[in-house]
Amino acid sequence: MAAVMENEKRNECAVVDDVDGTSTIAGGVQDVYGEDRATEDQLLTPWSVSVASGYTLLRDPHYNKGLAFTEQERDAHYLRGLLPPTVISQATQVKKVIQLIRQYQVPLQKYTAMMDLQLRNERLFYKVLIDHVEELLPVVYTPTVGEACQKYGSIFMRPQGLYISLKEKGKILEVLRNWPEKNIQVIVVTDGERILGLGDLGCQGMGIPVGKLALYTALGGVRPSSCLPITIDVGTNNEKLLNDELYIGLKHRRATGQEYAELLQEFMTAVKQNYGEKILVQFEDFANHNAFDLLEKYRTTHLVFNDDIQGTASVVLAGLVAALKLVGGNLADHKVLFLGAGEAGTGIAELIALEVSKRTNVPVDDVRKNIWLVDSKGLIVSSRKESLQHFKKPWAHEHEPVKELLDCVNKIKPTVLIGTSGQGKTFTKEVVESMASINEKPLILALSNPTSQSECTAEEAYTWSQGRAIFASGSPFSPVEYEGKVFVPGQANNAYIFPGFGLGLLMSGTIRVHDDLLLAASEALASQVTEENYNNGLIYPPFTNIRKISAHIAAGVAAKAYELGLATRLPQPKDLVNFAESCMYTPTYRNYR
C-alpha cells in the first residue's frame, strides 16, 4: 500500500515538474511575462513595446483614430477584428461625440466625457473642441472646471500632468524627466491655493493646468505634445480635504516661508535645466502673497507669465479699448473703480495705467490717480498706507475713508466699474442704478469666476440700468431680452489672450515677458472687434473666430518682441500673421503607413 502511494506521489510530482514555459493555465494564453506563475510578493518588470500596433495602438491617445482607421491601416497595423467593420470619417466622429455630449444634462458629466475622449483619442478631442468652441469652452474651462477641481479626487482616472510634492524635494529634475514627452515648450503650473473663486483646493487644482493647456492647443495651436501641466503640492489648509479619505494630495497644512521658497526655486531651476532658456512657465491660481513675489522674482531670469495678473489685465484692457467706440472719449478720460484689490484687480489697474501713460506721455504715477480700488476694508486711501500690502500701496490716493461700495460709486463717480472680488452679488441694484445715473452708458465688468461668484448677472446689469449698461463678465451668460431688445453679454475671458500670447512668444523665440508685449496683445484683441459686434453691444469678438484672433495676437506680440530685441528666432518672418497660422497645430487625422 505504501509503495502504491509513493508511486502515485512520484507521478504527481512528475506532472508538476514537466510543466514548461509554454504551458497554459486552464486553456489560457501563453504567460510570456511570467505574471501568472509569480507569487504576490515577487517583483515583475512592466514590459512595453515601442511601436504601437493592434490593441496597443487603439489604447494610445496620440495615434488612435477609432473607427476612422482605413481598410489599409487595419491590415497594416493588425487591427482586423479589434474594431467594428465600418469605416467613418473624423467629421462623422465629431458629430457623434457632440450628440453624446449634448445628451448630458449635468455640466460635470460633459466635462468627464470630454476628458475621457482626450485620454482615448487626442486629435478627435481637439477637433470637437475647435469645431464647437463656444459650446464647449464653458465645459472644459470656466465655469465647469471649477466644479471638476472640487471633485478631482473622485473623477481622477489617469495622469494628465506631473505632480511635484514636498516628497520630491531634491529630486525634481528626475521627476521632470519621468514625463514621456521631451520637447516641452509650455508649462502651466499651480499650487492650488486659490483656484478660481473657490479657494484652496490643494492637489485637486490640477484641473486648471490641464484645462488651460487644452486651450493652448485648441485656441492657440500649440502642439499638445509640447504642453506640460504641473501641480506643486505643498499641502492644503482646506479642512474638508484634509479629512477626506478620497483626497489625492498631501494631507498636512501648507508649507510656507523658506520651505516653500526652496521647493519653488528647485522647480524653476530644474525646468530651465531640463527644457532650456525659452521654456514658457505660466503661473496659475497662486494666492496673492505668492503670485506677486514669484512673478517679480523670476521675470528677469525666466520666461514667466502669470495669467491671473497679466492675462486678466490684458483681456480687460482690450475690452476697455474696444468699448471706447461705444462710450466715446479716450481711455485717459475715464475714471475706473475696482471692487477687489488682489492680483487680478491690481494687475488690470497697472496695465490700464501703463496704456494711458504710453498714449498720453503722462507719468504712470499721475495716471494712477484716476484709478481707484476697494478691498474688504473699503476704499484704498493714503491714510491706510502703512497697513497695506506692497502691491496695493501705489493705489492709496488722498481721500476720506469710505467703507461701502455704493458710497464709493457716489463719491468717486466712476465711468467704469470692474469686479475682481471673488464675491458674488456685490454689484447690487443700488450700485448699478447709481452707475446708470452717473453715466449714459455705464461700463460694468463683473469678472469673478465661476458664475456663482460673479458680482452681478448680465440680466441684472441690463435690467437695473434700463438697458444702457455695456456689460462683460468672466464666466459666460446667456443673451438677455429687455424691453424687446436682445443684449448679448461679452465675456472678458483670459482664453482670448493667453493662447495667442503664448504662441507669439514661442514662434518668435522670445526669452522674457515685457509689459509692452501685454499692451500689444490687448491692442491686437481690441482690433478684432467688428462693427457688427459693436452693433450687438459686444466689446469682444465671438469665440467662433478664436484661432484667427489668436494668430493676430501672436503676430502683435511677436512684432513687439522683435522691436524690443527680445526675440531670438531670426530672421523675422515678413508676414507674422501668416507665420502664426502656419505654426498652428491642426487636429485632422494623419495617414499611417
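Residues numbered from 1 in each chain as written. Predicted model: local features only at pLDDT ≥ 70, side-chain atom pairs only at ≥ 80, totals over all residues. Heavy atoms only, no water.

Per an unreviewed UniProt entry, the protein is named Malic enzyme, and its organism is Crotalaria pallida. In the Sequence similarities (unreviewed entry) part of its UniProt record, the protein is described as follows: "Belongs to the malic enzymes family." (UniProt positions renumbered as here; feature names shortened; annotations may be inferred.)

(A) Layout of the overall build of the protein. Counting secondary structure elements, the protein contains 25 helices and 14 strands. Principal-axis analysis of the C-alpha atoms places the extent of the protein at approximately 110 × 50 × 50 Å. When the 593 residues of the protein are sorted by exposure, 55% land in the buried category. Put simply, 71% of the contacts in the protein that link residues at least 6 apart link residues at least 24 apart. (Helix = DSSP H or I, 4+ residues; strand = E, 2+ residues; numbered from the N terminus. Buried < 20%, exposed > 50% of the residue type's maximum accessible area, 1.4 Å probe, protein only. Contact = heavy atoms within 4.5 Å.)

(B) Main features of empty space enclosed by the protein. Following the criterion strictly, the structure yields two cavities of 30 Å³ or more and no others. A volume near 90 Å³ is recorded for the largest cavity. Lining the largest cavity are Tyr111, Thr112, Met115, Leu119, Tyr152, Ile155, Phe156, Met157, Arg158 and Gln160. The element contributing the most residues to the lining of the largest cavity is helix 5 (residues 107–120), with four residues. Of the residues that constitute the lining of the largest cavity, the class distribution is seven nonpolar, two polar and one charged. Estimated volume of the second largest cavity: approximately 30 Å³. What lines the second largest cavity is Leu320, Ala323, Leu324, Val327, Leu331, His334, Val416 and Leu443. When residues of the lining of the second largest cavity are assigned to their parent elements, the largest contribution, four residues, is made by helix 15 (residues 307–327). Broken down by class, the residue content of the lining of the second largest cavity amounts to seven nonpolar, one polar and no charged. (1 Å grid on protein atoms, 1.4 Å probe; cavity = no way out; pocket = protein on both sides within 12 Å on 5 of 7 lines; lining within 4 Å. Points joined across faces, edges and corners; volume = space filled by probe spheres on them. Nonpolar A, V, L, I, M, F, W, Y, C, P; charged D, E, K, R; others polar.)

(C) Looking closely at the environment of Asn494. Counting through the fold element by element, Asn494 comes out in the loop between strand 14 (490–491) and helix 21 (498–508). Sequence spacing of Asn494 and Ala313 is 181 residues, and the spatial spacing of their C-alpha atoms is 8.8 Å. If near-sequence neighbours (up to four positions away) are discounted, Asn494 is found in contact with Tyr141, Lys212, Asp307, Gly311, Thr312, Val315 and Pro499.

(D) The arrangement of the nonpolar core in detail. Ranked by size, the top nonpolar core spans 122 residues in total, and within it Met114, Phe501 and Ile539 carry the most contacts. By residue number, the principal contributor to this core is helix 15, which donates eleven residues. What Met114 contacts, discounting residues up to four positions off in sequence, is Ile101, Phe125, Val128, Leu129, Leu136, Val139 and Val140. (Core = buried A, V, L, I, M, F, W, Y, C linked by side-chain atoms within 4.5 Å.)

(E) Structural detail: the pattern of salt bridges. Evaluation of the coordinates by the stated rule reveals 31 salt bridges. Between Glu277 and Arg512 there is a salt bridge whose closest N-O contact spans 2.7 Å. Of this pair, Glu277 sits in the loop between helix 13 (257–275) and strand 4 (280–283) while Arg512 sits in the loop between helix 21 and helix 22 (515–526), placing them 235 residues apart in sequence. The partly exposed category is assigned to Glu277, whose relative accessible area is 34%. Lys358 is paired through a salt bridge with Glu523; the nearest N and O atoms lie 3.5 Å apart. Of the two residues, Lys358 is situated in helix 16 (residues 343–360) and Glu523 in helix 22; the sequence distance between them amounts to 165 residues. Judged by relative accessible area, which is 29%, Glu523 ranks as partly exposed. (Salt bridge = Lys/Arg side-chain N within 4 Å of Asp/Glu carboxyl O.)

(F) Representation of the UniProt feature "domain: Malic enzyme NAD-binding" (unreviewed entry) in the protein within the structure. Residues annotated in UniProt with the feature "domain: Malic enzyme NAD-binding" (unreviewed entry) correspond here to residues 309–562. With 44% helix and 12% strand, residues 309–562 has its two end C-alpha atoms placed 24 Å apart.

(G) Region of interest: the sheet that holds strand 5 (residues 303–306). Taken in spatial order, the five strands line up as 1-3-2-4-5 in an open sheet, and their pairing is parallel. Two strands in the sheet have a free side with no partner beyond their single neighbour: strand 1 (162–165) and strand 5. Direction aside, the axes of adjacent strands within the sheet are offset by 25 degrees on average. Pairing of strand 1 with strand 3 (residues 227–233) involves four bridges; the strand directions are parallel. The residue of strand 3 that forms the bridge with Ser165 is Asp233. (Pairing = 2+ DSSP bridges. Axes fitted to C-alpha atoms, helices over the stretch in contact; angles between N-to-C directions.)

(H) Geometry of the UniProt feature "binding site: a divalent metal cation" (unreviewed entry) in the protein. Per the UniProt record, "binding site: a divalent metal cation" (unreviewed entry) is found at Glu284, Asp285 and Asp308. In sequence the annotated residues extend across 25 residues, while in space they remain close, none of their C-alpha pairs exceeding 6.8 Å. Lining the largest pocket, out of the annotated residues just given, are Glu284, Asp285 and Asp308. Turning to its location among the elements, Glu284 is positioned in the loop between strand 4 and helix 14 (288–298). A relative accessible area of 1% places Glu284 in the buried class. Sequence-distant contacts of Glu284, that is, excluding residues within four places in its chain, are made with Val188, Val189, Thr190, Asp191, Ile208, Lys212, Asp307 and Asp308. Position of Asp308 relative to the elements: it lies in helix 15. For Asp308, a relative accessible area of 9% gives the class buried. Sequence-distant contacts of Asp308, that is, excluding residues within four places in its chain, are made with Arg194, Phe283, Glu284, Asp285, Phe286, Glu343 and Ala344.

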